[in-house]
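Architecture at a glance
Now for the letters of each chain:
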Amino acid sequence: MQIVMIGAGYVGLTTGACLAQMGHSVVCVDIDAKRVADLRKAIVPIFEPGLDELIESGLANGRLDFTADVRAATAEADMVFLAVGTPSAPNGEINLSYIEAAARQVAPALKPGATVVIKSTVVAGTAQKVREIIAEEREALDFSVASNPEFLREGSAIGDFMEPDRIVVGTDDQRTARRMKEVYAPLIAKGAPFISTSTVNAELIKYAANAFLALKIGFINDVADLCEKVEGDVSAVSRGIGLDRRIGGAFLEAGPGFGGSCFPKDTRAFAAIGRKNGAPQTLIETLIERNEMRKRRLAKKIVEQLRHTAGRGGRVAVLGVAFKANTDDAREAAALTIVPLLREAGLTVSVHDPRAKDPSLRGVAWSDCPYRACKGADAVVVLTEWEEYRKLDLARLIKEMKGNLLFDYRNLFDREKVLASGFRHVAIGRAPAEAQRKPVKRIAHPRWSDSAAVAMP
Ligand code: UDX
Ligand code: UDX
């Protein structure tokens, strides 16, 4: 099938490259001419494991191409996917202007029988809105609109696409449902469940899924706070509840609070949809507040401990800016809340991340090595669960540092090893633990005053 993808971002690029890999002919369109030019040379603007190879093979076999020319690409398309940004407006509602602009851009060149597929995360009723925009522009055109939300996690997006838990398609006519099944035929043949429902249900499924996943995280983070007070261990509690098939162990890792371009945006949007339609999503409203408060509270804990051990002007090394491991994306990452608060408290902050760089972090010293980032530091704070951090040589790390505070905000480290290296271990969901002062080995010495008794060598 001839497919056009409007928006070559984290979602559009991965989806387009995977559809090409499945045998479709795909043209990705983007307004960012430099991004298009780079992509045509297989220079990929984002880090997503495996994406570079997919794009290279798609370009090589001619099934994937990139252009900034919406009209030319749309004129040939059987399906036009919209995967442009749907950022949060100040009141939490999503900004649909890019989706509406994209609908207006594709309307003039759409060929009869084409389907416009909304891939971006949009509020219930957006498919109808897109249909109206296009119908206004092309009164007599025979076309359809479908909603096809994505459930891709950054860092594992290709696997999530190629082996989905389910494919959700919202359409208001059987013909479109059949065409959407054709698009995903190879995945359905491998057993992926295909849900065909109304566009409103498909739009709601996406928000409800993300809101629920975020709720699991918020819940285990609250349980972690309780564990810290009652000598519990949240990792044990998480495992103990997660083995219940009705709960499931996924998304029960306590941490510094969720970030990314989706959970924060989608929970705010879901709450706004509820408020707007007289069905307030109070659990999600509370979740949003507590998640932001969590990041601030963790920063406060660091400042207080530093003030106690190093006075004002302490030095902190922050390891991890990406909102999670295996991505270069720092959107709404915990570091973006915590680091500025450490700076405001007068602390000197060095920062390291294997992939993510965020220009919004001002007045920090970026380092390209976690050990160098920790040089002279009174404390080290781990905010992202990079494998590279899990493997840090703690004995070497503490030698670089001035102090011995390790804020392990992803519970990466084995406590015994941390204490054996001489750190004070401040983890999530466990009471802090001090390196046991090694008892000074007293060797029975004759008293020096009995000099006669001491046979000097
Ligand atoms: C986006 C939405 O933010 C998300 O809600 C939705 O689920 C999927 O699409 P993402 O791919 O992460 O997620 O967005 P982003 O990385 O910002 O990429 C959007 C791309 O669309 C950018 O490359 C931008 O240049 C492009 N774009 C934006 C257009 O091509 N046309 C536009 O009118 C607006
Ligand atoms: C999410 C959804 O998982 C995905 O289905 C949807 O399509 C897009 O939004 P993503 O934002 O890429 O994916 O990352 P995800 O793996 O869900 O993590 C989101 C945040 O939650 C990260 O900050 C992560 O560190 C945090 N998290 C996740 C936890 O704190 N604990 C967990 O157990 C899982």
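In short, a report on the structure. (Residues numbered from 1 in each chain as written. Chains lettered and ligands numbered in written order. Predicted model: local features only at pLDDT ≥ 70, side-chain atom pairs only at ≥ 80, totals over all residues. Heavy atoms only, no water.)

This paragraph deals with the overall build of the chain. If you tally the helices and strands in the chain, you get 18 helices and 14 strands. Overall size of the chain, expressed as C-alpha extent along the three principal axes, is 115 × 50 × 40 Å. Counting contacts in the chain only where the partners sit at least 6 residues apart, residues at least 24 apart contribute 71% of the total. Carbon and sulfur atoms form 54% of the exposed surface of the chain, whose accessible area is close to 21,400 Å². Computing the positive centroid from 62 side-chain charges and the negative centroid from 57, the chain places the two 6 Å apart. (Helix = DSSP H or I, 4+ residues; strand = E, 2+ residues; numbered from the N terminus. Contact = heavy atoms within 4.5 Å. Areas by Shrake-Rupley, 256 points an atom, 1.4 Å probe, with all protein chains shown as cover. Lys, Arg positive; Asp, Glu negative; His and termini not counted. Charge placed at Lys NZ, Arg CZ, Asp CG, Glu CD.)

Pairing is possible between side chains of opposite charge, provided their charged atoms come close. In this structure the tally under the stated criterion is 28 salt bridges. With its nearest N and O atoms 3.8 Å apart, the salt bridge here joins Asp233 to Arg430. Note that Asp233 is positioned in the loop between α10 (199–229) and α11 (234–242) and Arg430 in the segment after β14 (424–427), a separation of 197 residues in sequence. By relative accessible area, which is 25% here, Arg430 ends up partly exposed. One salt bridge connects Arg410 with Glu385, and the closest N-O pair in it is separated by 3.5 Å. Linking Arg410 in the loop between β13 (405–408) and α18 (415–420) with Glu385 in the loop between β12 (379–382) and α16 (387–390), this pair joins segments that are 25 residues apart in sequence. A network of salt bridges, in which partner residues are shared, links Asp222, Asp225, Arg290, Arg294 and Arg297. (Salt bridge = Lys/Arg side-chain N within 4 Å of Asp/Glu carboxyl O. Buried < 20%, exposed > 50% of the residue type's maximum accessible area, 1.4 Å probe, protein only.)

Among the 18 residues in the neighbourhood of ligand 1, the closest are listed as Val11, Asp30, Thr86, Thr121 and Lys265. Here Ala83 contributes a backbone N or O atom positioned 3.5 Å from an oxygen atom of ligand 1. Relative to its free-state accessible area of 690 Å², ligand 1 is covered by the protein chains to the extent of 87%. (Near = heavy atom within 4 Å. Polar contact = N/O pair within 3.5 Å; in protein donor to acceptor, adjacent residues only side chain to side chain.)

Judged by which residues are buried, strand β4 (residues 79–82) turns out to be covered on both faces: Met79 and Phe81 on one side and Val80 and Leu82 on the other are all buried. Sheet topology note: the strand β1 (residues 2–6)/β4 ladder contains four bridges and is parallel. Bridging across to β4, Met5 finds its partner in Phe81. Alignment of β4 against strand β5 (residues 115–118), held across four bridges, turns out to be parallel. What sits directly across from Phe81, in β5, is Val117. Remark: the β4/helix α5 (residues 97–106)/β5 crossover connection has right-handed handedness. (Pairing = 2+ DSSP bridges. Right-handed = clockwise from strand over helix to strand, strands pointing away.)

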